[in-house]
Amino acid sequence: MTESHDMAAAWDRWTDDDVRIYGVRDPDPIAVFLAECAGSRALELGPGAGMVAFALADRGVPVVALDISPAMCARIECHRGARRVTPVVGDMSVIDVDGSFDLVYSTTSSLFSLLTQQQQIDCFASMARVLAPGGTVVVEAFAPLRQGAVVHRQNVALRAFDDDRVDLSATVHDPAAQRITFREVRLEDRRAPVVLPVDIRYVWPSELDLMARLAGLRLVDRFGGWDRCRYDATCPRHVSVYGRP
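Residues numbered from 1 in each chain as written. Predicted model: local features only at pLDDT ≥ 70, side-chain atom pairs only at ≥ 80, totals over all residues. Heavy atoms only, no water.

Visitor: I'm lost on the overall build of the protein chain in this one. Help?
Guide: Along the backbone of the protein chain there are eight helices and eleven strands. Buried residues in the protein chain amount to 50% of all 245 residues. Look at the contacts in the protein chain between residues 6 or more apart in sequence, and 60% of them connect residues 24 or more apart. Carbon together with sulfur atoms contributes 53% to the accessible area of the protein chain, which is approximately 11800 Å² in total. (Helix = DSSP H or I, 4+ residues; strand = E, 2+ residues; numbered from the N terminus. Buried < 20%, exposed > 50% of the residue type's maximum accessible area, 1.4 Å probe, protein only. Contact = heavy atoms within 4.5 Å. Areas by Shrake-Rupley, 256 points an atom, 1.4 Å probe, with all protein chains shown as cover.)

Here you go:
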C-alpha cells in the first residue's frame, strides 16, 4: 500500500467527524482576506469539508479544491450546489491540475499533512508552477512554539465532556523529526468508539520562507490572523503571503 493511499484512507475516516471534533470556524473572514488576492481563479490545497472554498465562491471566485481524500471530495461535490467549486482528488505535493491560478492557498495547517520536508518543498515548487504571473500564495499554519504538544513529548487533552459523550485528543511529539502524531478518540453512548488518526510535520515560519525561496517565491507579508493583525511571538498561528520577486 502506498503512502498516498494510506493518507487518503486516513483522511477519508474524518469525513463525518472533522466539524464535530474541531468545531465550525466562520469561513467569512478567511474568504474576505482571500478574495482580495484571488483574481479570477483560485486553488485550495486540503479543503476538508470545503467551507472556505464555498465562502470564496460565494464572492464570485471559482475554486478548484484539491484533496487527497476521495470521501472529502465527494462531500464537497454533494454540498456545493450551484457554487463554482470543483473538487479534485490529488496529492498537494504534485498538484496535477489543469491551468494556472491567481491564488493558491491552504488553511488550518493543511501543508503540515505532508510528512517530510521534501514533500513540503515539492508542494511549494508545485504551487509556484501553477501560479499565474502576479499571483499570490497564502499559507495559514499554527506557530509551533504555541502548541502544548511541542512543549511536552506526550499530551492528552479533553475536547468534549457531557452526559453521553467524551472526546479526547492524544498526541505524541518527536521534536527531532518535527512530527506530531494525533489520535482523536470519540466515545459516545450507544455507539462504537471511534479513533481518528492525524500525522503532521510542523514547519517553523523561517523554514516555510526558505521553502518558498527555493521555489522562486518571496515572503510579501505575515499576519497573526485573517484580520491582518501583526504577527508576533504571542500569536498562535500565522497567515503568510508569498509572491514572485
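Visitor: Just to check I follow, could you spell out the sheet that holds strand β7 (residues 165-174) for this structure?
Guide: Pairing is antiparallel across the open sheet formed by four strands, whose spatial order is β6-β7-β8-β9. Each edge of the open sheet is held by one strand with a lone partner, namely β6 (154-162) and β9 (194-201). Direction aside, neighbouring strands of the sheet carry axes that sit 15° apart on average. One ladder, built from ten bridges, connects β7 with strand β8 (residues 179-188); its direction is antiparallel. Bridging across to β8, D174 finds its partner in R179. (Pairing = 2+ DSSP bridges. Axes fitted to C-alpha atoms, helices over the stretch in contact; angles between N-to-C directions.)

Visitor: Would you mind going over the environment of S100 with me for this structure?
Guide: With respect to the helices and strands, S100 occurs in the loop between β3 (85-89) and β4 (101-106). For the pair S100 and G135, spaced 35 residues apart in sequence, the C-alpha to C-alpha distance is 9.3 Å. What S100 contacts, discounting residues up to four positions off in sequence, is R41, V130 and A132.

Visitor: Mind showing me how you'd approach the packing of aromatic side chains here?
Guide: Think of a pair of aromatic rings as described by two things: how far the centres are apart, and how the planes are tilted against each other in angle. Tallying each qualifying case throughout the model produces five aromatic pairs. Here F33 and F223 contribute two aromatic rings whose centre-to-centre distance is 5.8 Å and whose plane-to-plane angle is 80°, an arrangement assigned as edge-to-face. In this pair, F33 sits in helix α3 (residues 28-38) while F223 sits in strand β10 (residues 218-223), placing the two residues 190 residues apart along the sequence. Using a relative accessible area of 6% as the deciding quantity, one classes F223 as buried. Pairing F33 with W226 gives two aromatic rings, centres 5.1 Å apart and planes at 80°, and the pair type is edge-to-face. Taken together, the positions of F33 in helix α3 and W226 in the loop between β10 and β11 (237-243) put the pair 193 residues apart, joining distant regions of the chain. (Phe/Tyr/Trp six-rings, centres within 6.5 Å; stacked < 30°, edge-to-face > 60°.)

Visitor: Got a minute to help me understand the side chain of T136 in this structure?
Guide: Mapping T136 onto the fold places it in strand β5 (residues 131-142). Among the residues examined, T136 registers a relative accessible area of 14% and is labelled buried. Discounting residues that sit within four places of it in the chain, T136 has contacts with C37, D102, L103, V104, L131, V241 and Y242.

Visitor: Help me understand the environment of A38, please; the structure alone is not making it clear to me.
Guide: As for its position among the elements, A38 is in helix α3. For A38, the contacting residues outside a window of four places in its chain are V61, D102 and L103.

Visitor: Explain the sheet that holds β10 here, please?
Guide: By definition, the strands of a sheet pair up through backbone hydrogen bonds, in either a parallel or an antiparallel sense. The mixed open sheet is built from seven strands, whose spatial order is β3-β2-β1-β4-β5-β11-β10. At either end of the open sheet lies a strand with only one pairing partner, and these are β3 and β10. Going from strand to strand, the sheet's axes swing by 20° on average, the running direction of each strand aside. One ladder, built from five bridges, connects β4 with β5; its direction is parallel. Bridge pairing links S106 to V139 in β5.

Visitor: Could you clarify how one ought to interpret helix α5 (residues 70-79) in this entry?
Guide: A turn of α-helix holds 3.6 residues, and therefore any two residues three or four places apart point the same way. Burial in α5 covers these residues: M72, C73, R75 and I76. Relative to the axis of α5, the buried residues are bounded by an arc of 155° and lie together on one face. Downstream of α5 by one or two residues, G81 has phi in the positive range, about 60°. (Arc of directions from axis to C-beta.)

Visitor: Sorry, what's going on with the nonpolar core here?
Guide: If you look at soluble globular proteins, the nonpolar side chains tend to sit buried side by side. L43, L45, V104 and F124 are the most contacted members of the largest nonpolar core, which totals 34 residues. Sorting the residues of this core by element identifies β1 (42-45), β2 (63-67), β4, α6 (117-130), β5, β8, β9 and α8 (205-214) as the ones contributing at least two each. Ignoring anything within four residues of it in the chain, the contact list for F124 reads L111, V139, L208, M211, A212, A215, L217 and Y242. (Core = buried A, V, L, I, M, F, W, Y, C linked by side-chain atoms within 4.5 Å.)

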